[in-house]
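Listed here are the chains, written in short residue letters.
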Amino acid sequence: MNTLVAVGAGIAVMTGIGAGLGIGIATSKATESIARQPEAKGDINKALLLGCALAEATAIYGFVIAVLIILFLK
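- The chain appears in an unreviewed UniProt entry as ATP synthase subunit c from Candidatus Cellulosilyticum pullistercoris.
- Taken directly from UniProt, the Subcellular location (unreviewed entry) text for the chain runs: "Cell membrane".
- The record in UniProt for the chain states the following under Sequence similarities (unreviewed entry): "Belongs to the ATPase C chain family."

So this is what it looks like as structure tokens:
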């Protein structure tokens with residue numbers, strides 16, 4: 001396998017770092033918001049789940065791109 005292919009796949013997988021940090025920060029802010037305003041728990045949870053799903057989709061796209069790079073650019 002070409003070295004540049006491996007580097008490209010590694011860079012593509014790094015999207016997981018951003019997604020992990022984003023989900024962690026969003027979760028901490030959501031729990032802080034629920035602690036401050038418990039009656040808004042339902043709305044906060046909806047927004048949190050939507051944001052986490054979008055962030056996780058970004059990580060999955062990066063993983064898929066990395067796999068495609070490895071498989072098709074040998």
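Here we look at the overall build of the chain
Okay, step 1: Tallying secondary structure elements over the chain gives three helices and zero strands in all.
Okay, step 2: Each helix and strand of the chain, ordered N terminal to C terminal, gives the series α-α-α.
Okay, step 3: Computed over the C-alpha atoms, the radius of gyration of the chain is 17 Å, more than 25% above the 11 Å expected from 2.2 N^0.38 for a compact globule of 74 residues.
Okay, step 4: Taken along the three principal axes of its C-alpha coordinates, the chain extends 55 × 15 × 5 Å.
Okay, step 5: Across the 74 residues of the chain, 19% fall into the buried class.

Section: the UniProt feature "transmembrane region" (unreviewed entry) in the chain
Okay, step 1: Under the local residue numbering, the UniProt record ascribes the feature "transmembrane region" (unreviewed entry) to residues 6-26 and 47-73.
Okay, step 2: Between the C-alpha atoms that bound residues 6-26 the distance is 31 Å, and the span itself is 95% helix and 0% strand.
Okay, step 3: This span, residues 47-73, is 96% helix and 0% strand, and a straight line between its end C-alpha atoms measures 39 Å.

Considering the environment of Ala 19
Okay, step 1: Note on placement: Ala 19 falls in helix 2 (residues 15-36).
Okay, step 2: Counting along the chain gives 35 residues from Ala 19 to Leu 54, while the straight-line C-alpha distance between them is 8.9 Å.
Okay, step 3: Setting aside residues no more than four positions away along its own chain, Ala 19 makes contact with Ala 55 and Ala 59.

Focus: the pattern of salt bridges
Okay, step 1: Within the structure shown, the criterion is met by one salt bridge.
Okay, step 2: A salt bridge links Arg 36 to Glu 32, with the shortest nitrogen-to-oxygen separation between them at 3.4 Å. Here Glu 32 and Arg 36 lie together in helix 2, a separation of four residues that amounts to about one turn.

Observations concerning the packing of helix 2 against helix 3 (residues 41-72)
Okay, step 1: Running from N to C, helix 2 and helix 3 point in directions that differ by 175 degrees, and their axes come no closer than 8 Å. Between helix 2 and helix 3, the interaxial angle falls into the category roughly antiparallel. Contacts between helix 2 and helix 3 involve Thr 15, Gly 16, Ala 19, Ile 23, Ala 26, Thr 27, Ala 30, Ser 33 and Ile 34 on the former and, on the latter, Lys 41, Ile 44, Asn 45, Leu 48, Cys 52, Ala 55, Glu 56, Thr 58, Ala 59 and Gly 62.
Okay, step 2: Taken together, the residues of the contact of helix 2 with helix 3 break down into 10 nonpolar, seven polar and two charged.

A short note on the packing of helix 1 (residues 3-13) against helix 3
Okay, step 1: At their nearest, the axes of helix 1 and helix 3 sit 7 Å apart, and the two run at 170 degrees to each other. One element, helix 1, and the other, helix 3, form an angle in the roughly antiparallel class. Facing helix 1, whose interface residues are Val 5, Gly 8, Ala 9, Ala 12 and Val 13, helix 3 presents Gly 62, Ile 65, Ala 66, Ile 69 and Ile 70.

Conventions used here
- Residues numbered from 1 in each chain as written.
- Predicted model: local features only at pLDDT ≥ 70, side-chain atom pairs only at ≥ 80, totals over all residues.
- Heavy atoms only, no water.
- UniProt positions renumbered as here; feature names shortened; annotations may be inferred.
- Helix = DSSP H or I, 4+ residues; strand = E, 2+ residues; numbered from the N terminus.
- Rg over C-alpha atoms; globule rule 2.2 N^0.38 Å.
- Buried < 20%, exposed > 50% of the residue type's maximum accessible area, 1.4 Å probe, protein only.
- Contact = heavy atoms within 4.5 Å.
- Salt bridge = Lys/Arg side-chain N within 4 Å of Asp/Glu carboxyl O.
- Axes fitted to C-alpha atoms, helices over the stretch in contact; angles between N-to-C directions.
- Parallel < 35°, antiparallel > 145°, perpendicular 65-115°, else oblique.
- Nonpolar A, V, L, I, M, F, W, Y, C, P; charged D, E, K, R; others polar.

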